[in-house]
Amino acid sequence: MENKKLYLLISLFIGFMGLSSWGFLAHKTLQQVAIHQLPTELGLYFFANQDYLVQNSIRPDVRRKDDKTEDVKHYLDMDAHVFGPNYKTDIPHDFAQAVKKYTIDSLRKEGLVPWEVNRVYGRLVHAFKSNMPDSVLFYAADLGHYVADAHVPLHTTKNHDGQLTDQKGLHVLWESLVPEQFLVGYQLQQNQPLTYIKQPQDFIFQILAESHAMLPEVFAAEKELRSRMGDDKVYMMVERYGRKQRYFTKEFIQAYGDRVGKSVEQRMLTSAHRVASFWYSAWKDAGSPAWVGTSPVLTQEKKQQYADQHASWQANTLIKQNLLISLQSKSAE
Ligand SMILES: [Zn+2]
């Protein structure tokens, strides 16, 4: 009884781990998987720089610590009051028009992700055109992150952590804890052909709309499972850094994952496919520059490694063969 009181008291004050976006594991995984969906010419170049692209897939989140302007680039709270009741269709895709309609201060408050994607996309096209390999990798890594974030349902609502509906912790549950617990069973190989994105600015809004449409189930699953299992089975208190913190139990993560996990996996793989599509389209828009195929980083050894790992991806054995970088770094930590 005493314990229970303590638990209730503490849980009032202590939330969950800080919000990020797709968890680090998911970002790194999907960025590596995206590389294998590129046509060979570009895929080989990105593969030769795979460590950079994978490790830096989380850089925009890391930047948030020091750069106060960064946070808002990772989401768009579409249902925020300022966008009105018809927000699903009314938000102008064009940045200047959106600023005119809502003011820049409102957008800086409610989110900038679709416009940040478009801005970074433009930088990437320019870097490809100008034969600037360092910039290509820099912007490709960042673009992959923002595109992936737009696929996360909770990045499209003001109730981004379930905090408005007594479901706090939902953010980290959906985008980190579930993928972490289920990743080893994911089918990372996909046969979907790459698409050339004609209008990146419109396409990212389509992605946000898809994400937003997933929200009712994201919330309902937590609510129903929690009422069925009871809070004692859902939460546990863990002492970290001298403080008691509230975490979800493994049992609850499993139950939530059993219910919505397929859609989390699908969304992560769709993110990878779209990241590849954005990279590919930027390269195309730059006139398919040939320098990516003649770069000195493309040694015979790299080409062989690419062929081997590509075959492993196709056979869905990246995890089994310990080739998934996100899991390697995890075990090394
Ligand atoms: Zn993010």
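Along each chain, numbering runs from 1 in the same order as the chain's sequence is written. The predicted origin of the model limits local features to residues at a pLDDT of at least 70 and limits the giving and counting of side-chain atom pairs to 80 or more, whereas totals for whole chains, interfaces and linings rest on all residues.

Asker: How do you make sense of the overall build of the chain when you look at a structure like this?
Answerer: Secondary structure elements follow DSSP: runs of H or I of four or more residues count as helices, runs of E of two or more count as strands, with numbering from the N terminus. A tally of helices and strands in the chain yields 18 helices and 2 strands. In this treatment the radius of gyration is a C-alpha quantity, and the globule benchmark scales as 2.2 Å times the residue count to the 0.38 power. In terms of C-alpha radius of gyration, the chain reaches 21 Å, essentially the compact-globule figure of 20 Å for 333 residues. Overall size of the chain, expressed as C-alpha extent along the three principal axes, is 70 × 50 × 35 Å. Using C-beta atoms placed from the backbone, we call a residue buried if 20 or more other C-beta atoms fall within 10 Å of its own, exposed if 12 or fewer do, and partly exposed for counts in between. In the chain, which comprises 333 residues, the share counted as buried stands at 41%. Throughout, a pair of residues is in contact if the C-beta atoms placed from their backbones lie within 7 Å. The contacts in the chain between residues at least 6 apart in sequence include a share of 77% that link residues at least 24 apart.

Asker: For this particular structure, what's the right way to read the environment of I58?
Answerer: Here I58 is to be found in the loop between α4 (50-55) and α5 (59-63). Note on I58: 22 C-beta atoms within 10 Å, which makes it buried. As a C-alpha pair, I58 and W22 span 36 residues in sequence and 9.1 Å in three-dimensional space. For I58, the residues in contact, after removing those within four places along its chain, are F24, H27 and K28.

Asker: Whenever I open this one, the confidence of the model for the chain confuses me. Can you help?
Answerer: Segments scoring low in pLDDT should not have their predicted coordinates read at a detailed level. Per-residue confidence for the chain gives a mean pLDDT of 91, with 92% of residues at or over 70. pLDDT expresses, on a scale from 0 to 100, how confident the predictor is about each individual residue. Throughout residues 1-19 the model reports pLDDT below 50, and contacts reaching past four residues in sequence, or to other chains, amount to 19 contacts.

Asker: Honestly, the environment of K320 in this entry has me stumped. Any pointers?
Answerer: Looking at where K320 falls in the secondary structure, it is placed in the loop between α17 (300-314) and α18 (325-332). A residue is classified by how many C-beta atoms lie within 10 Å of it, and K320, with 11 of them, is exposed. Residues K320 and V184 lie 136 residues apart in sequence; the distance between their C-alpha atoms is 8.5 Å.

Asker: What's the story with helix α12 (residues 200-213) in this structure? I'm lost.
Answerer: For a helix, the expected span equals 1.5 Å multiplied by the residue count minus one. Look at α12: 20 Å from first C-alpha to last across 14 residues, which is about the 20 Å you get at 1.5 Å a residue. When we look at burial in α12, the residues that qualify are P200, F203, I204, F205, I207, L208 and S211. Elements that come into contact with the buried residues of α12 comprise α9 (113-129) and α15 (250-285).

Asker: Mind showing me how you'd approach the nonpolar core here?
Answerer: Within soluble globular proteins, side chains that are nonpolar generally end up buried alongside one another. By size, the foremost hydrophobic cluster in this structure holds 82 residues, and its most contacted members are V117, L124, L143, L173, V275 and W279. The element contributing the most residues to this core is α15, with 15 residues. Those residues in contact with V117 that sit more than four places away from it in its chain are L143, Y146, V147, A150, P200 and I204. When buried Ala, Val, Leu, Ile, Met, Phe, Trp, Tyr and Cys residues are joined through C-beta atoms within 7 Å, the set is termed a nonpolar core.

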